[in-house]
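# Coordinate analysis (summary)
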Amino acid sequence: MGEVILDNVTKIYPGGVRAVDGLDLAVGEGEFVVLVGPSGCGKSTTLRLIAGLEDLTSGTIRIGPRIVNDLPPRDRDLAIVFQNYALYPHLTVARNMAFSLMLRRRYAGWGNPLARLVAPARFRAACAERAEIEARVRSAAELLGMQELLRRRPQALSGGQRQRVAVGRALVRRPQAFLLDEPLSNLDARLRLELRAELKAVHRKVQTTTIYVTHDQEEAMTLGDRVAVMQAGRIQQCGTPLAVYRAPVNRFVAGFIGMPPMNFLEGRLIQRGSALLFGGEGGELALCPEHQRRLSASEGQTVVLGIRPDAAHPVPASAGDIRRAAPEGHGVLRATVWAVEALGDRVDTHVQTTGHERLVCRTAAGEPVTAGQTVDVWVDMTRVHFFAADTGGRNLLAPGAMPGAMPKL
Ligand code: ADP
């Protein structure tokens, strides 16, 4: 097992596409790090660079103690699991899992009866080698709960079972690190959940350094010790799932992590008497005392307010002053409900403010609101975020402080 360090790694494909752009990432020994981001942001290229399947344009990659820039893939001691399982159809599950170890045997060819006579030491070594491979296959099969499948061929397996074999094949290698590229995306939703939990459990047991690529933020949040959110070939933020969720460094990360996505409203910070307000198309909201203090210097500026769906609570509109009924610390937006999605234990309510801003609110089941109804949306102002209105969209409440940011190597 080893750490994996990427230092200022850049990959420019022929034709000029800058797929990875000065990327720094340090994955600790035994750590599970997820690269997550929208399609085309450079996740797979990063993984392929680590695996040696693509050449670096510049930068350094270290695995364990070795700089591997010029090492071919087979010498990097990594095991890769791709989205398509790529099993050998004519081999049994056991042989598929053992395949790469069989290829690397030191005493291949010395396990036959003739060798037993002419070179007994080599014969014994060949037997020991084979026994070790069989033991590793058995133990990987046990970890993945597929002892009964070892004699089957891939065509007799379901999609989920095939992907388990692909994971098993990686496990038996006992490599420095596992690289997984969207391994669950070919599976249906239920199986994805099941295998996701299994992968996490397997990692807890084997504690092998793992780098996992996905475009699915939920997969990233549930699997990663840390998640690295990528955009346009760069890591925007890297930290524990909760740190990234609670303190996104910019609007891109805020909008990418969390489902349904964060609502964004553009407006201005306005001083009214002693209070600092956010005023936009959607209405006016008074900042909480802590945010008033931290954003007082930004008065007059255009900003983007970020509201997580579960920080917005729609209630049937009260007559008269809309602020009167809201709980302490909440602001109120008057809105009309245009869709209600009941999801069993929770409800997503889509509303449109009088200024035509759309928001999604997520609440526990049983909310008494219906489409077409006028509602007051109670916004928990202690949980909102403020971003710069420019393209960078940095989080104005976390200037300079990047929770979980990668140390510069
Ligand atoms: P992701 O895995 O995040 O979807 P990729 O790493 O596959 O993204 O791709 C990053 C960028 O590099 C994309 O713009 C993609 O079109 C481009 N790209 C990927 N592979 C190649 C290639 N072999 N040649 C040229 N451009 C490529």
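All values derive from a computational prediction rather than experimental measurement. Residue positions are given per chain, counted from 1 along the sequence in the order it is written. Where local features are concerned, this predicted model is filtered to residues with pLDDT of at least 70; where side-chain atom pairs are given and counted, the filter is 80 or more; whole-chain, interface and lining totals use all residues. With hydrogens and water set aside, each side-chain value is computed from the structure's full complement of heavy atoms.

### Brief notes about the pattern of salt bridges
We count a salt bridge whenever a side-chain nitrogen from Lys or Arg sits within 4 Å of a carboxyl oxygen from Asp or Glu. Within the structure shown, the criterion is met by 19 salt bridges. Here R272 ties to E284 by a salt bridge, and the two come within 2.7 Å at their closest N and O atoms. Placement of R272 in strand 11 (residues 263-272) and of E284 in strand 13 (residues 283-286) is noted, with a sequence separation of 12 residues between them. Taking the relative accessible area as the measure of exposure, R272 reaches 43% and is therefore partly exposed. Via salt bridges that share partners, K11, R48 and E54 belong to a single interconnected network. Helix and strand assignments come from DSSP, with helices taken as H or I runs of at least 4 residues and strands as E runs of at least 2, each series counted from the N terminus. The buried label applies to any residue whose accessible area, calculated with a 1.4 Å probe on protein chains only, is under 20% of its type's maximum; exposed applies above 50%, and partly exposed to all values in between.

### Quick notes on the layout of surface pockets
A probe matching the size of a water molecule, rolled over the atoms, marks out where space remains unfilled. Here the largest pocket is characterised by a volume of approximately 530 Å³. We place a 1 Å grid over just the protein atoms. Points where a 1.4 Å probe fits but has no way out form a cavity, open points with protein on both sides within 12 Å along at least 5 of 7 lines form a pocket, and any residue with an atom within 4 Å of a point lines it. Along the walls of the largest pocket sit 22 residues, with A79, I80, S100, R169 and R173 positioned nearest its centre. We call Asp, Glu, Lys and Arg charged. Ala, Val, Leu, Ile, Met, Phe, Trp, Tyr, Cys and Pro are nonpolar, and the rest, Gly among them, are polar. Here the lining of the largest pocket is composed, by residue class, of 15 nonpolar, two polar and five charged. Grid points are joined across faces, edges and corners, and a volume is the space filled by probe spheres set on the points. Reported here for the second largest pocket is a volume of approximately 380 Å³.

### Points about helix 5 (residues 159-173)
Helix span, expected: 1.5 Å multiplied by one less than the number of residues in the helix. Taking 1.5 Å of rise per residue, 15 residues should cover 21 Å, and helix 5 covers 22 Å from first to last C-alpha, within 8% of that figure. Among the 15 residues in helix 5, 12 count as buried, and that is most of the element. Within the sequence span of helix 5, burial applies to G160, Q163, R164, V165, A166, V167, G168, R169, A170, L171, V172 and R173. For helix 5, the secondary structure elements touched by its buried residues are strand 6 (78-81), helix 2 (93-103), helix 4 (120-143), strand 7 (177-181) and helix 6 (189-206). With its phi angle positive at about 45 degrees, R174 sits one or two positions after the end of helix 5. Note on contacts: a residue pair qualifies if any of its non-hydrogen atoms lie within 4.5 Å across the two residues.

### Concerning the site of the ligand
Think of it this way: one heavy atom of a residue within 4 Å of a molecule or strand is enough to make that residue near it. Surveying the vicinity of the ligand reveals the residues Y13, V17, A19, P38, S39, G40, C41, G42, K43, S44 and T45. Within 3.5 Å is the distance limit for a polar contact, defined as a pair of N or O atoms, with the added protein rule that one can donate a hydrogen and the other accept it, and that residues adjacent in sequence qualify only through two side-chain atoms. A distance of 3.4 Å separates a nitrogen atom of the ligand from a polar atom in the side chain of Y13. Residue T45 places a side-chain N or O atom 2.5 Å away from an oxygen atom belonging to the ligand. To be clear on the numbers: accessible area is Shrake-Rupley with a 1.4 Å probe, and residue cover counts the displayed protein chains and nothing else. For the ligand, whose unbound accessible area comes to 560 Å², protein coverage reaches 60%. By residue number, the principal contributor to the shell around the ligand is helix 1 (residues 43-51), which donates three residues. In terms of residue class, the shell around the ligand is made up of five nonpolar, five polar and one charged.

### Observations concerning the environment of P327
Residue placement: P327 occurs in the loop between strand 15 (312-316) and strand 16 (330-342). For P327, a relative accessible area of 32% gives the class partly exposed. Between the C-alpha atoms of P327 and M102, which are 225 residues apart in sequence, the distance is 67 Å.

### A few points about the domain arrangement of the chain
Those domain boundaries reflect an automatic or database domain assignment. When cut into domains, the chain gives domain 1 (4-246) and domain 2 (261-388). Look at where the C-alpha atoms of domain 1 and domain 2 centre, and you get two points 44 Å apart.

### Quick word on the sheet that holds strand 5 (residues 66-67)
Strand pairing in a sheet takes place through backbone hydrogen bonds and is either antiparallel or parallel in direction. The strand order across the open sheet formed by four strands is 2-1-4-5, and the pairing between neighbours is antiparallel. The sheet is open, and its two borders are formed by strand 2 (18-27) and strand 5, each paired with just one other strand. Angles run from 0 to 180 degrees between N-to-C directions of axes, and those axes are lines fitted to C-alpha atoms, restricted for helices to the stretch in contact. Helix 1 rests against strand 1 (4-12), strand 2 and strand 4 (58-63) of the sheet, and its axis sits at about 115 degrees to strand 1. Two strands pair under a simple rule: DSSP has to find at least two bridges between them.

### Things to note about empty space enclosed by the protein
Applying the stated rule across the entire model yields two cavities of 30 Å³ or more. What the largest cavity holds in volume is close to 120 Å³. What lines the largest cavity is simply F32, V81, V167, A170, L171, F178, L180, L199, V202, H203, V206 and T210. Looking at the lining of the largest cavity, the elements with two or more residues in it are helix 5, strand 7 and helix 6. Residue contributions to the lining of the largest cavity peak at four residues, all from helix 6. Its residues assigned to classes, the lining of the largest cavity comprises 10 nonpolar, two polar and no charged. Here the second largest cavity is characterised by a volume of approximately 30 Å³.

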